[in-house]
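# Coordinate analysis (summary)
Spelled out from the first residue to the last, the chains are:
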Amino acid sequence: MNIFQEEHLLFNPATPESNSIPIIFAFPNEYTVGITSLGYQLVWATLAMRKDVNVSRLFTDINENLPQNPELLGFSFSWELDYVNIFNILESLKIPIRSKDRNHNHPLIFGGGPVLTANPEPFADFFDLILLGDGENLLPAFIDAYKEVRNADRETKLNHLATIEGIYIPSLYEVTYKSLDGEINSINPINNNIPATVKKQTYKSNILSASTVVTKNSAWENIFMVEVVRSCPEMCRFCLASYLTLPFRSASLEHSLIPAIEKGLQYTNRLGLLGASITQHPEFDQLLDYLNQEKYEDLRLSLASVRTNTVTEKLVNILTKRDCKSLTIAVESGSEKVRKIVNKKLTNEEIIEASINAKKGGLKGLKFYGMVGIPGENNEDIDLTIKMIEAVKKATPGLRLTFGCSTFVPKSHTPFQWFGVNKESQKRLQYLQKKLGAKKIEFRPESYNWSVIQALLSRGDRRLSQLLELTREYGDTLGSYKRAFKELKGKIPPLDFYVYETWKTDQVLPWQHLQTNLPVTTLIKHLEDSFNNLKN
Ligand code: SF4
């Protein structure tokens, strides 16, 4: 059977009318990955429910019947390193990779999703237009505006679309540099009709999203996902999931979560609760009570990571009854000082108490998630992390403890966007590995080298487009980045500039012209608060 025939759709696709707009909507990875993305599912369903468009899906391994002459080709971009697959897809469709090389015979290439909303600049030369922010209202506004200029030439189309809030047309902005390999000097629209800044769109409603399709071929077999909250009110200073998507919104239990869950569980018994901070939902307890009903006895529940101080015995009891065997809690560090710097409102006592509750409630395993290289951290703080995990182990004998650890990567639109990666991070990961290994605590570090590449893309500007094309040519390995930097020496800034340097707060940022809900002055204030905490 065809993989698409194995899908249970939770919406009614429209029958496209005769003059409908042919669109390809792609996910730059395999079907299994793409169909597990709630964002991809939503945009696809929104398009498929319109009779004025005719949408076909495309993944790297499989696709529906594609139109001969698509007018629009969209990408849902949620993992930076998938850019290589975007290049591959464009080439396979015989579409030039760079926007400037396309003409009226080519579709408009649009993109959206977390990577592009955070910092589209390294990819700006490859997209004709970028949708910044939540798609709920933006996507219909885009299609409606496109229809108004559907028969116009490419330039007219782009100029018209640039007037829609949240639509960013990179080619209509000129970036100048102090020198070829120096800082950005200015970013300005190429004429007065183009807005000087583009504002990320925020969907404000208490009806949040839920899966539009359930399939056994998704990464989590047959999972039905509901979005419990959007954003996170905690505002840890490095956190993109919080800062980029503010304000914090929660789905109404009565009008959003329960109706969605009742519908989805007709097709599956596997439920995923999504959101950066689901236990912050004001009615989370009631949601648990609802899921604790006898009729959901067979339910298999998966949760995104939860806030440490919400891990109560009741929560864990219900989770274990619903086949959830392990929980992830983000602690960042065992050092109170470091947690204060990042604004993580948590104590070691609370971490130990949560772990005891996890064990008492019947969980078999607990995963902590931490980070090294946070600004202000030193070697003593790493020792404090080890000490904290040892204390947890002592308090919870028999509970399987895992410590997952990443390297601090600066993210755009957060107060820590100006900090570089700490070069000591790799050594600190190795040290943790050695010490925790000796105590038989499972340690799962994320690759330091790939964190460096993430930081590069996270703080990159348009000049990186040349580098990305070269890295692909050189084999898309870690070594190919090095080789490409060598090749472009003097033509673009060195790796150190993007990744390791601490930037000045008055420096022009690559995303300076793209705005979120918080002004840069607030981010600077939060950055200063962290510094003040460091002094205390
Ligand atoms: S609690 Fe987690 S999701 Fe919330 S701001 Fe902190 S790191 Fe981000």
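Residues numbered from 1 in each chain as written. Predicted model: local features only at pLDDT ≥ 70, side-chain atom pairs only at ≥ 80, totals over all residues.

For the protein, the count of helices and strands is 19 helices and 21 strands. The C-alpha radius of gyration computed for the protein amounts to 24 Å, which stays within 12% of the reference 24 Å derived for 536 residues, consistent with globular compactness. Its C-alpha atoms put the protein at 70 × 60 × 40 Å along the principal axes. (Helix = DSSP H or I, 4+ residues; strand = E, 2+ residues; numbered from the N terminus. Rg over C-alpha atoms; globule rule 2.2 N^0.38 Å.)

Here we take up helix α10 (residues 313-321). Residues spaced three or four apart along an α-helix point in a common direction, a consequence of the helix completing one turn every 3.6 residues. For α10, every residue scored as buried is listed here: Leu315, Val316 and Leu319. Buried residues along α10 cover an arc of 90° about the axis, so they all sit on one side. If you follow the buried residues of α10, they end up packed against α9 (284-291), β16 (300-303) and α12 (348-360). The positive-phi residue at the C-terminal boundary of α10 is aspartate 323, with phi of around 70°. (Buried ≥ 20, exposed ≤ 12 C-beta atoms within 10 Å, placed from the backbone. Arc of directions from axis to C-beta. Contact = placed C-beta atoms within 7 Å.)

As a further point, take the packing of helix α13 (residues 379-395) against helix α14 (residues 425-438). Taken N-terminus to C-terminus, the directions of α13 and α14 make an angle of 30°; their axes are 11 Å apart at the nearest point. When the axis of α13 is compared with that of α14, the two are roughly parallel. Between α13 and α14 lies a crossing whose hand is right-handed. Residues Ile382, Ile386 and Ile389 of α13 pack against Arg428, Tyr431, Leu432, Lys435 and Leu436 of α14. For the contact of α13 with α14, the per-class residue count stands at 6 nonpolar, no polar and 2 charged. (Axes fitted to C-alpha atoms, helices over the stretch in contact; angles between N-to-C directions. Parallel < 35°, antiparallel > 145°, perpendicular 65-115°, else oblique. Left-handed = near helix turned anticlockwise from the far one by under 90°. Nonpolar A, V, L, I, M, F, W, Y, C, P; charged D, E, K, R; others polar.)

Our focus in this paragraph is the domain arrangement of the protein. Per the domain assignment, the segments of the protein are domain 1 (3-191), domain 2 (204-304) and domain 3 (327-459 + 503-536). For domain 1 versus domain 2, the separation of C-alpha centres amounts to 27 Å. Taken together, the 18 residues of domain 1 in the interface contact 19 residues of domain 2. Among the elements of the structure, β1 (8-9), α1 (31-34), α2 (38-48) and α4 (114-118) are those that each provide at least two residues to the side of domain 1 that touches domain 2. In terms of residue count, α2 provides more of the side of domain 1 that touches domain 2 than any other element does, 4 residues in total. For the side of domain 1 that touches domain 2, the per-class residue count stands at 11 nonpolar, 5 polar and 2 charged. (Domains from an automatic or database assignment.)

On to unusual backbone geometry. It is generally the case that most residues other than glycine have a negative phi and that most peptide bonds are trans. Here the bond from leucine 246 into proline 247 is cis, since omega is 5°, no more than 30 degrees from zero. Mapped onto the secondary structure, proline 247 falls in the loop between α7 (240-243) and β14 (249-250). Positive phi values are uncommon outside glycine, yet serine 231 reaches one of about 70°. Inspection of the secondary structure puts serine 231 in the loop between β13 (229-230) and α7.

With that out of the way, let us pick up the pairing of strand β19 (residues 400-407). Bridge count between strand β18 (residues 365-372) and β19: 8 bridges; the pairing is parallel. Of the residues in β19, the one forming a bridge with methionine 371 is serine 406. Handedness of the β18-α13-β19 crossover: right-handed. Both β19 and strand β20 (residues 442-445) contribute to a ladder of 4 bridges, which runs parallel. Residue threonine 402 lies in a different strand from β20, and its bridge partner there is glutamate 442. A crossover links β19 with its parallel partner β20, the connecting element being α14, and its sense is right-handed. (Pairing = 2+ DSSP bridges. Right-handed = clockwise from strand over helix to strand, strands pointing away.)

Turning to the sheet that holds strand β12 (residues 223-227), a few remarks are in order. Hydrogen bonds along the backbone pair up the strands of a sheet, which may run parallel or antiparallel. As summarised here, the arrangement of the 3 strands in space is β12-β15-β16, forming an open sheet in which the pairing is parallel. In this open sheet, the two edge strands, each paired with only one partner strand, are β12 and β16. Ignoring strand direction, the axes of neighbouring strands in this sheet form an average angle of 25°. Alignment of β12 against strand β15 (residues 270-274), held across 5 bridges, turns out to be parallel. Residue valine 226 lies in a different strand from β15, and its bridge partner there is leucine 273.

Cys232, Glu234, Met235, Cys236, Cys239, Ala241, Ser242, Ala276, Ser277 and Ala330 make up every residue found near the ligand. Of the residues assigned to the shell around the ligand, the class counts are 7 nonpolar, 2 polar and 1 charged. (Near = placed C-beta within 6 Å.)

Ordered by their spatial adjacency, 4 strands build an open sheet running β17-β18-β19-β20, and the pairing between neighbours is parallel. Every other strand in the sheet has two partners, leaving β17 (326-332) and β20 as the edge strands with one partner each. Across the sheet, the mean angle from the axis of one strand to that of its neighbour is 25°, orientation sign disregarded. Helix-sheet contacts for α14 involve β18, β19 and β20, and the interaxial angle to β20 is about 165°.

Here lysine 394 is to be found in helix α13. A tally of 9 C-beta atoms within 10 Å means that lysine 394 is categorised as exposed.

If you look at the biggest cluster of nonpolar residues, it comprises 131 residues, and the most contacted ones within it are Leu129 and Ile167. At 6 residues, the largest contribution of residues to this core is made by α2. Discounting chain neighbours no more than four positions away, the residues touching isoleucine 167 are Leu129, Leu131, Phe142, Leu161 and Ala162. (Core = buried A, V, L, I, M, F, W, Y, C linked by C-beta atoms within 7 Å.)

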